[in-house]
Amino acid sequence: MNSTLAFLAAARQCEIHDLEHLARSCDLVQAVSELVHRLQGERGASNLFLAFGGEVFVSQREACVALSAQAEAALRSWLAQVEGGQDAPIVAVPGGARLFTRIAVALHALDGLAELRAEVAARRCKAADATLRFNRMVAALLALVFEAADVAADPAVSRLLVALFNLMQGKEHAGQERAAGAAAFAAGAAAASTAAAGGQDLLHLIDAQEACFERFEAFCPTELLGTWAQAKAAMPMGELERMRRRLLAAAQGAVLDPAQAQAWFACCSQRLELIRDTEAALAQGLRAACLQRIAALQADPDDPQSLLRALAAQPEPVSPSGVLPTEDGVEALGPRLRRSIVDALHAQAQRLQAMNDELAAVRTALDERKLIERAKGELMRHQGLAEDEAYRLLRRTAMNQGRRLVDVAQAVLAMSDLLPPRS
């Protein structure tokens, strides 16, 4: 029985250990969230700066660059601690190899930021090209958040990470809409919006962000839903919808007023800042959630450590024959302690099963994204499409057939062996 409790106690310590590592990963996610937000602001300011030939948004862009640089330095400083071994325990995070690979990809993308800024400042690149390069950096950072959610072994924290990822992804689509619309107004033509959005049209960006926000609400903790509802109520959606209609009309040949570019930018920015408030609250709550889970485990009345201490305090069993009253000595423990040990075994097994069931439900949303990414990869490989083109093809097929995007992705994967090779 002593060995039984010892292994139960070891299992509990492993669980606490994993949560401590997960808390460190959540610190990383919070730093990434801040950098993504700042890069989105820099992208938007750079877009207007280039669209107007460097005549507007000069000081605004410089301020955005400074904030982005500060957020990037904070992220790199945090990562340097891990790389230098000062925070080495994070290496033991479950799925650490995948998470570290995503970090490497994100850092490689960020290495091109200085060159991009120099080109923007000298106006050596077009607004659409700069926006696309910013988009790729943000995508690499968002993939890191997705990976953190995918490797999280605690269902409560995993739900928070899934909610955060979907909110950040929806906000990114909204940021791309801001950039695309600003480019269209500045150019006086809708074609500029498609170029600035990396080939995606405004309707796609609008639909994509709303889908992300719906998934966010499905995983958002109850205490934050009220905050989110207040943020949505404060968003200037009436003005945004009116300007969206002008952009969509321009796609049919209507002329846009370049003077409206800054009004559009300000309207979208107000909405993005309100989304950011909820995002920041959710990101800041990640570590707290990990610490709460650790405290709950340590305060658990069925904690095997306390039972081990009780067992150690028991007097040695005495028998006239010199042997224990039963084969395994259970009876010598006394009925109360024996019942506590059995209860601890059942409680631990039931709790872990409940965690696995809840984690499986959370992983469904992540698995759907993986299917879509794999289907995009197959279309890119077989048809020579760019990533955005592959996604648009999947989405257009789903809309035309009235099917879910994930169902279309599954169909593509099922037929991948029959797709013709790229010529």
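Definitions and limits used
Numbering of residues starts from 1 in each chain and follows the order in which that chain's sequence is written. Since the coordinates come from a predicted model, pLDDT governs what is reported: local features require at least 70, and pairs of side-chain atoms require 80 or more to be given and counted, while whole-chain, interface and lining totals use all residues. To get the side-chain values, take all heavy atoms of the structure and skip hydrogens and water. Helix numbering and strand numbering both begin at the N terminus, where a helix is a DSSP run of H or I of at least 4 residues and a strand a DSSP run of E of at least 2. Only protein chains enter the accessibility calculation, which uses a 1.4 Å probe; a residue is then buried when its area is under 20% of its type maximum, exposed when over 50%, and partly exposed in between. By definition, residues are in contact when any of their heavy atoms lie within 4.5 Å. The Shrake-Rupley method, run with a 1.4 Å probe sphere, supplies the accessible areas, and residue values consider only the shown protein chains as cover. Aromatic rings from Phe, Tyr and Trp, taking only the six-membered ring of Trp, are treated as a pair when their centres fall within 6.5 Å; an angle between ring planes under 30 degrees marks them as stacked, one over 60 as edge-to-face, and anything in between as tilted. Sitting over a ring, as applied to charges here, requires NZ of Lys or CZ of Arg to be within 6 Å of the ring centre and within 35 degrees of the ring normal. Between the N-to-C directions of two axes lies an angle of 0 to 180 degrees, each axis being a line fitted to C-alpha atoms and, for a helix, fitted only over the stretch in contact. For this classification, under 35 degrees means roughly parallel, over 145 means roughly antiparallel, 65 to 115 means roughly perpendicular, and everything else is oblique. Working rule for handedness: look at the near helix, and if it is turned counterclockwise from the far one by less than a right angle, call the crossing left-handed; if clockwise, right-handed. Only Asp, Glu, Lys and Arg are considered charged, only Ala, Val, Leu, Ile, Met, Phe, Trp, Tyr, Cys and Pro nonpolar, and every remaining residue, Gly among them, polar. Points on a 1 Å grid, built from protein atoms alone, make a cavity when a 1.4 Å probe fits but cannot get out and make a pocket when they are open with protein on both sides within 12 Å along at least 5 of 7 lines; residues with an atom within 4 Å of a point are the lining residues. Grid points are joined across faces, edges and corners, and a volume is the space filled by probe spheres set on the points. Should a side-chain nitrogen of Lys or Arg be within 4 Å of a carboxyl oxygen of Asp or Glu, the pair is scored as a salt bridge. We call a set of buried Ala, Val, Leu, Ile, Met, Phe, Trp, Tyr and Cys residues a nonpolar core when their side-chain atoms join them within 4.5 Å. Helix span, as expected, comes to 1.5 Å for every residue beyond the first. Directions from the helix axis toward the C-beta atoms define the arc. The term disulfide is used for any two cysteine sulfur atoms that are within 2.5 Å.

## Some thoughts on the overall build of the chain
And step 1. Each helix and strand counted, the chain has 15 helices and zero strands in total.
And step 2. A burial count over the chain gives 46% of its 423 residues as buried.
And step 3. Considering only intrachain contacts with a sequence separation of at least 6, the fraction spanning at least 24 residues in the chain is 79%.
And step 4. With the model as given, the accessible surface of the chain reaches about 19900 Å², and the carbon-plus-sulfur share is 54%.

## Let's talk about the packing of aromatic side chains
And step 1. This model, assessed by the stated rule, comprises five aromatic pairs.
And step 2. For the ring pair Phe185 and Trp264, a centre distance of 6.0 Å and an interplane angle of 45° mean the geometry is tilted. Residue Phe185 is found in helix H6 (residues 155-187), and its partner Trp264 is found in helix H11 (residues 261-298); the two are separated by 79 residues along the sequence.
And step 3. For Trp264, a relative accessible area of 0% gives the class buried.
And step 4. Residue placement shows Arg61 over the ring face of Phe49; its charged tip is 5.4 Å from the ring centre.

## Some details on the packing of H6 against H11
And step 1. Two elements in contact, H6 and H11, have axes whose closest approach is 9 Å; the angle formed by their N-to-C orientations is 165°. Classed by the angle they form, the pair H6 and H11 counts as roughly antiparallel. In this structure, the crossing between H6 and H11 has a hand that is left-handed.
And step 2. Looking at the contact of H6 with H11 residue by residue, the classes come out as 23 nonpolar, five polar and seven charged.

## Observations concerning the layout of surface pockets
If a probe the size of a water molecule is rolled over the atoms, the empty space left behind becomes visible.
And step 1. In this structure, the largest pocket spans a volume of roughly 1400 Å³.
And step 2. What lines the largest pocket is a set of 50 residues, and nearest its centre among them are Gln169, Arg369, Glu373, Lys376 and Tyr391.
And step 3. Elements supplying a minimum of two residues to the lining of the largest pocket: helix H3 (96-110), helix H5 (127-151), H6, helix H8 (202-219), helix H13 (335-383), helix H14 (387-401) and helix H15 (405-414).
And step 4. Among the elements that line the lining of the largest pocket, the one with the most residues is H5, at 11 residues.
And step 5. Among the residues making up the lining of the largest pocket, the classes are represented as 23 nonpolar, eight polar and 19 charged.

## Here's the deal with the environment of Gly96
And step 1. Checked against the element boundaries, Gly96 lands in helix H3.
And step 2. Sequence-wise, Gly96 and Ser25 are 71 residues apart; in three dimensions their C-alpha atoms are separated by 9.7 Å.

## Details of the pattern of salt bridges
And step 1. Overall, the coordinates contain 24 salt bridges when judged by the stated rule.
And step 2. Here Arg38 and Glu34 are joined by a salt bridge, their closest N and O atoms 2.8 Å apart. Of this pair, Arg38 and Glu34 are both found in helix H1 (residues 2-51), four residues apart, which corresponds to roughly one turn of the helix.
And step 3. Notably, a salt bridge pairs Lys376 with Glu373, separated by 3.3 Å at the nearest N-O pair. Pair noted here: Lys376 and Glu373 are both in helix H13, with a separation of three residues, about one helical turn.

## Things to note about the nonpolar core
A general trend in soluble globular proteins is that nonpolar side chains are found buried together.
And step 1. Ranked by internal contacts, the top residues of the largest apolar core, which has 68 residues, are Leu28, Val32, Leu39, Leu75 and Leu141.
And step 2. Sorting elements by how many residues they give to this core places H1 first, with 14 residues.
And step 3. Those residues in contact with Leu75 that sit more than four places away from it in its chain are Leu28, Ala31, Val32, Leu35, Leu110 and Leu141.
And step 4. With 21 residues, the next largest nonpolar core counts Leu48, Leu240, Ala261 and Cys268 among its residues.

## As for helix H9 (residues 222-234)
And step 1. Helix length check: H9, at 13 residues, gives a terminal C-alpha distance of 19 Å against a target of 18 Å (1.5 Å per residue), a fit within 8%.
And step 2. Of the residues making up H9, those classed as buried are Leu224, Trp228 and Ala231. In an axial view of H9, the angular spread of the buried residues amounts to 60°, which keeps them on one side of the axis. For H9, the exposed residues set more than 90 degrees away from the buried face come down to Thr222, Glu223, Gln230 and Ala233.
And step 3. Along its buried surface, H9 packs onto H6, H8 and H11.

## Structural notes on the state of the cysteines
And step 1. This structure, assessed with the given rule, holds zero disulfides.
And step 2. For Cys268, which is in no disulfide, the shortest distance to another cysteine sulfur is to Cys267 and amounts to 5.5 Å.
And step 3. According to the relative accessible area criterion, Cys268 is buried, its value standing at 4%.

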